[in-house]
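These are the residues of each chain, in order.
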Amino acid sequence: MPRRPALRLSHGAAYDAGRGARPSKRGAVRTRGRVRPTTKAVVHVALKRALRKGALRDCNQRCVYCATRLDQRTATLDHVVPLARGGAHDPGNLVVACAPCNRLKSDLLPFEFFARHPWAGANFVRYARNVTRALKRGARRAVSLAFAAEMAA
């Protein structure tokens, strides 16, 4: 049986009429049990990998909160100002963190997080080189206030 060419749908997924494939809602095409990612999904993964690699290089291959060594597999991207709180998805707002620290920070603003965990703020000031000056200045202030509050108590 001759193979028919794949058709492109409006949302970017392909529909292979000759093999009975169905388009997926997640940006992939399912063909007889195998999943082929669409171009859009491949580009997204490549972009995320490149951002993680750059952030890993900028943070000296360490978690910016607990200073443990990280590699490409164990590093997670963390938005210093979370997207849920108005942060942007740009390199000045991205750092690498280990998974436990990323979960510990969750959707807290950096100043709230550093007030609760001053040790994380001290490491952040040391290892986060590519963040904006305002974030670094605020982190220094939050760490010094947290340490002063500990000394007074």
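If you're wondering where the values come from, they're calculated on a predicted model, not measured in any experiment.

K.L.:
When you look at the overall build of the chain in this model, what are you seeing that I'm missing?
P.N.:
Within the chain, the secondary structure is distributed over five helices and seven strands. Traced from its N-terminal end to its C-terminal end, the chain shows the element sequence β-β-β-β-β-α-β-β-α-α-α-α. Scored against the burial criterion, the 153 residues of the chain give a buried share of 38%. Carbon together with sulfur atoms contributes 56% to the accessible area of the chain, which is approximately 9,800 Å² in total.

K.L.:
Explain the pattern of salt bridges to me, please; I cannot follow it from the model alone.
P.N.:
Side chains that differ in charge, positive against negative, can pair when their charged atoms come close. On inspection of all chains with the given rule, the structure shows four salt bridges. Notably, a salt bridge pairs Arg 57 with Asp 58, separated by 3.6 Å at the nearest N-O pair. Overall, Arg 57 belongs to the exposed group, its relative accessible area being 56%. Assessed through its relative accessible area of 15%, Asp 58 is described here as buried.

K.L.:
Looking at this model, I keep getting lost on the nonpolar core. Mind explaining?
P.N.:
Taken as a class, soluble globular proteins show a tendency for nonpolar side chains to be buried jointly. Grouped together as the largest cluster of nonpolar side chains are 31 residues, with contacts concentrated most on Val 64, Tyr 65, Val 95, Val 96, Phe 114 and Phe 124. If we ignore the near neighbours within four places in the chain, the residues touching Phe 114 are Tyr 65, Ala 120, Gly 121, Phe 124, Ala 139, Ala 142, Val 143 and Ala 146.

K.L.:
Please explain the state of the cysteines as it appears in this structure.
P.N.:
Covalent bonding between the sulfur atoms of two cysteines defines a disulfide. Following the criterion strictly, the structure yields zero disulfides and no others. Between Cys 66, a free cysteine, and Cys 101, which holds the nearest cysteine sulfur, the sulfur-to-sulfur gap is 3.5 Å. The cysteine Cys 101 is free of any disulfide, with Cys 98 supplying the nearest cysteine sulfur at 3.4 Å. For Cys 101, a relative accessible area of 5% puts it in the buried group.

K.L.:
Looking at this structure, I do not really get the packing of helix α4 (residues 118-127) against helix α5 (residues 133-152). What am I missing?
P.N.:
Two numbers describe a pair of packed helices, the interaxial angle and the distance between the axes. Running from N to C, α4 and α5 point in directions that differ by 145 degrees, and their axes come no closer than 9 Å. Taken as a pair, α4 and α5 cross one another with a handedness that is left-handed. Residue-level inspection shows Pro 118, Gly 121, Ala 122, Phe 124 and Val 125 of α4 in contact with α5, the latter providing Leu 135, Lys 136, Ala 139, Arg 140, Val 143, Ala 146, Phe 147 and Glu 150. Residues belonging to the contact of α4 with α5 are distributed by class as follows: nine nonpolar, one polar and three charged.

K.L.:
What exactly am I supposed to notice about the side chain of Asp 58 here?
P.N.:
Mapped onto the elements of the fold, Asp 58 is located in helix α1 (residues 39-58). Once residues lying within four places of it in the same chain are set aside, the contact partners of Asp 58 are Tyr 127, Arg 129 and Asn 130.

K.L.:
What's the story with a positive patch on the surface in this structure? I'm lost.
P.N.:
A cluster of basic residues, Arg 133, Arg 137, Arg 140 and Arg 141, forms a positive patch at the surface. According to the relative accessible area criterion, Arg 141 is exposed, its value standing at 51%.

K.L.:
Would you explain α4 in this entry?
P.N.:
Along an α-helix, a turn takes 3.6 residues, which lines up residues three or four apart on a common side. Listed in full, the buried residues belonging to α4 are Pro 118, Ala 120, Gly 121, Asn 123, Phe 124 and Tyr 127. Looking at the packing, one finds that the buried side of α4 touches α1, β7 (94-97), α3 (110-116) and α5.

K.L.:
Explain unusual backbone geometry to me, please; I cannot follow it from the model alone.
P.N.:
Trans peptide bonds make up most of the peptide bonds, and negative phi angles are found at most residues other than glycine. Here Ala 67, not a glycine, exhibits a phi torsion of approximately 70 degrees, which is positive. Along the chain, the position of Ala 67 falls in the loop between α1 and β6 (76-79). Residue Ala 67 is classed as buried on the basis of its relative accessible area of 18%. Phi is positive for Ser 106, close to 45 degrees, though the residue is something other than glycine. Within the secondary structure layout, Ser 106 lies in the loop between α2 (99-105) and α3.

About the criteria used
Residues numbered from 1 in each chain as written. Predicted model: local features only at pLDDT ≥ 70, side-chain atom pairs only at ≥ 80, totals over all residues. Heavy atoms only, no water. Helix = DSSP H or I, 4+ residues; strand = E, 2+ residues; numbered from the N terminus. Buried < 20%, exposed > 50% of the residue type's maximum accessible area, 1.4 Å probe, protein only. Areas by Shrake-Rupley, 256 points an atom, 1.4 Å probe, with all protein chains shown as cover. Salt bridge = Lys/Arg side-chain N within 4 Å of Asp/Glu carboxyl O. Core = buried A, V, L, I, M, F, W, Y, C linked by side-chain atoms within 4.5 Å. Contact = heavy atoms within 4.5 Å. Disulfide = S-S within 2.5 Å. Axes fitted to C-alpha atoms, helices over the stretch in contact; angles between N-to-C directions. Left-handed = near helix turned anticlockwise from the far one by under 90°. Nonpolar A, V, L, I, M, F, W, Y, C, P; charged D, E, K, R; others polar. Patch = residues over 30% accessible without salt bridge, like charges linked within 9 Å, V, L, I, M, F, W, Y side chains within 5 Å. Lys, Arg positive; Asp, Glu negative; His and termini not counted. Charge placed at Lys NZ, Arg CZ, Asp CG, Glu CD.

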